[in-house]
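Architecture and fold: a report
Listed below, chain by chain, are the residues.
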Amino acid sequence: MAWRIFLTLIACGSMMACNSDNENAVKVNTTPEPVQSESVEVQAVDDNLSESESESESEFLTQSAPEPECDLESVNLLDFVPWQREEGWWVGEYTFLGADGDPNVSASWPYRYDHYRGFIHLEVIGNSIKQRNVFLYPAKNSSECDSVEDVVGSGICGDNGNEKVFSADQSASDCDGNLSGPFEAFGMTLSTTTTLIGDDTVLYQVRLPDGSFTQNQLTTLPPNDTRVRTAQGFFMGSSTYASYYRERKVTKEEFVQLLEETRQEYNILELDYCGYDSGGNPSNVSCDEHFGVVLGD
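Treat the numbers as computed from the prediction; the structure is a model and nothing was measured.

Rules and cut-offs
- Residues numbered from 1 in each chain as written.
- Predicted model: local features only at pLDDT ≥ 70, side-chain atom pairs only at ≥ 80, totals over all residues.
- Heavy atoms only, no water.
- Helix = DSSP H or I, 4+ residues; strand = E, 2+ residues; numbered from the N terminus.
- Buried < 20%, exposed > 50% of the residue type's maximum accessible area, 1.4 Å probe, protein only.
- Areas by Shrake-Rupley, 256 points an atom, 1.4 Å probe, with all protein chains shown as cover.
- Core = buried A, V, L, I, M, F, W, Y, C linked by side-chain atoms within 4.5 Å.
- Phe/Tyr/Trp six-rings, centres within 6.5 Å; stacked < 30°, edge-to-face > 60°.
- Pairing = 2+ DSSP bridges.
- Axes fitted to C-alpha atoms, helices over the stretch in contact; angles between N-to-C directions.
- Contact = heavy atoms within 4.5 Å.
- Disulfide = S-S within 2.5 Å.

Moving on: the overall build of the chain. The secondary structure content of the chain amounts to five helices and ten strands. Out of the 297 residues in the chain, the part that is buried amounts to 39%. Approximately 16,700 Å² of the chain is accessible, and the part contributed by carbon and sulfur atoms is 50%.

Printed below as a string of structure tokens:
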């Protein structure tokens, strides 16, 4: 079942316009006076040759000139509208479906995926983006509990929910606002890329070491401090999951308040706060350490 855990990890994880000018034809009266016809024709030929040579020289110089190199260190991602919109604190309502279209059921994480919540902080620092998440899951339905100990940690199945943390970092891969970065999971280094498509669409992709993709995730950014994300998961070329995330941007104060309210609603034990990593193992970090800020302030 390790690959299923791995796919769940990937699912939970989090980043121009061209102008054309029209040329207008200008009509010029070139009818020569009879006494000047020969000199005018000769001058016209000379002018055409000169212009042709000039254009050829310009074309040669253009083709020969090297493309300017992109200084990745000087890229400021906040110069790009999508990253201006994405930076900040987000809360979301999530649904995660398995290959059969029903809510995902995990053998290692016995909590509900039909409706759960996510809390995300996206921080843009120069040419890089730092993403820190915590996902909160409701308790498993009592009727589905094999035993009251069918939990992770010290809770009771059917009574206590739980939560996982997730981290991802990417840096500019070019001067157009696109990103890339490695992601370590289960002894493998995965390749992640983020591509901007205009000012309101972002495509995030995750590829396995052999180059095959394991996730395509599309983010749409309406101009109202919300975003909608949908992800398609694959393994060995087959569809394995799909997700539907609906998120809204909030202040840090709202983030902390809604996080606490959800913890109370899901009856999550305080000792489980930010207690597990994306693989369901102990995270060994506090929430303040995970987010890099004091959430209580």
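So that's the structure; there's more coming.
Moving on to the nonpolar core. Core analysis: the biggest nonpolar cluster contains 37 residues, and Leu77, Trp83, Trp109, Tyr116, Ile129 and Tyr137 have the highest contact counts within it. Counting residues per element, the ones that place at least two in this core are β1 (88-98), β2 (116-125), β3 (128-137), β4 (162-172), β5 (179-185), β6 (188-196), β7 (201-207) and β10 (238-250). Counting residues per element, this core draws most heavily on β2, which supplies four residues. Within the second largest apolar cluster, 16 residues are counted, among which are Val91, Val134, Val250 and Cys274.

Before going further, it helps to spend a moment on the packing of aromatic side chains. Here the structure, examined in full by the defined rule, presents 17 aromatic pairs. An angle of 55° between the planes, with centres 5.7 Å apart, marks the rings of tyrosine 94 and phenylalanine 135 as tilted. Residue tyrosine 94 is located in strand β1, and its partner phenylalanine 135 is located in strand β3; the two are separated by 41 residues in the primary sequence. Here tyrosine 94 matches phenylalanine 135 in class, with each residue buried. Each ring, one from tryptophan 109 and one from tyrosine 276, has its centre 5.9 Å from the other, and the planes form 65°; the classification is edge-to-face. Pair noted here: tryptophan 109 is in the loop between β1 and β2 and tyrosine 276 is in the loop between α4 (252-265) and α5 (287-291), with a separation of 167 residues, a long-range link. Taking the relative accessible area as the measure of exposure, tryptophan 109 reaches 1% and is therefore buried. The structure contains a cluster of three or more aromatic residues connected by ring pairs, namely Tyr94, Phe96, Trp109, Tyr111, Tyr113, Tyr116, Phe135, Tyr137, Tyr241, Tyr245 and Tyr276.

What follows deals with unusual backbone geometry. The backbone of asparagine 267 shows a phi angle near 55°, a positive value even though the residue is not glycine. Structurally, asparagine 267 is set in the loop between α4 and α5. For cysteine 274, which is not glycine, the phi dihedral falls at a positive 50°. A residue is classified by how much of its surface remains accessible, and cysteine 274, at 0% relative accessible area, is buried.

Below, the discussion takes up the pairing of β10. As judged from the ten bridges shared by β1 and β10, these two strands associate in the antiparallel manner. When the bridges of β10 are listed, tryptophan 90 appears paired with lysine 249. Bridge count for strand β9 (residues 226-235) against β10 is ten bridges, and the pairing is antiparallel. Of the residues in β10, the one forming a bridge with valine 228 is arginine 246. Counting the residues that bridge the hairpin from β9 to β10 gives two residues, and of these methionine 236 lies at a positive phi of roughly 55°.

What follows concerns the sheet that holds β3. In space, the ten strands of this closed barrel follow the order β1-β2-β3-β4-β5-β6-β7-β8-β9-β10, with antiparallel pairing throughout. If you compare each strand with its neighbour and ignore which way they point, the axes differ by 25° on average. With six bridges connecting them, β6 and β7 associate as antiparallel partners. Counted as the bridge partner of leucine 196 is valine 202 from β7. Packing against the sheet, α4 makes contact with β1, β2, β3, β4 and β10, and its axis sits at approximately 155° to β2.

On to the state of the cysteines, then. Throughout the structure, instances matching the rule amount to three disulfides. Through a disulfide, cysteine 145 is tied to cysteine 157; the S-S separation comes to 2.0 Å. Negative torsions about the S-S bond denote left-handed disulfides, and the value of about -90° found for cysteine 145 with cysteine 157 makes this one left-handed. Of the two residues, cysteine 145 sits in the loop between β3 and β4 while cysteine 157 sits in the loop between β3 and β4, which places them twelve residues apart along the sequence. The class of cysteine 157 is buried, set by a relative accessible area of 8%. Across the disulfide, cysteine 274 is cross-linked to cysteine 287 (sulfur-sulfur distance 2.1 Å).

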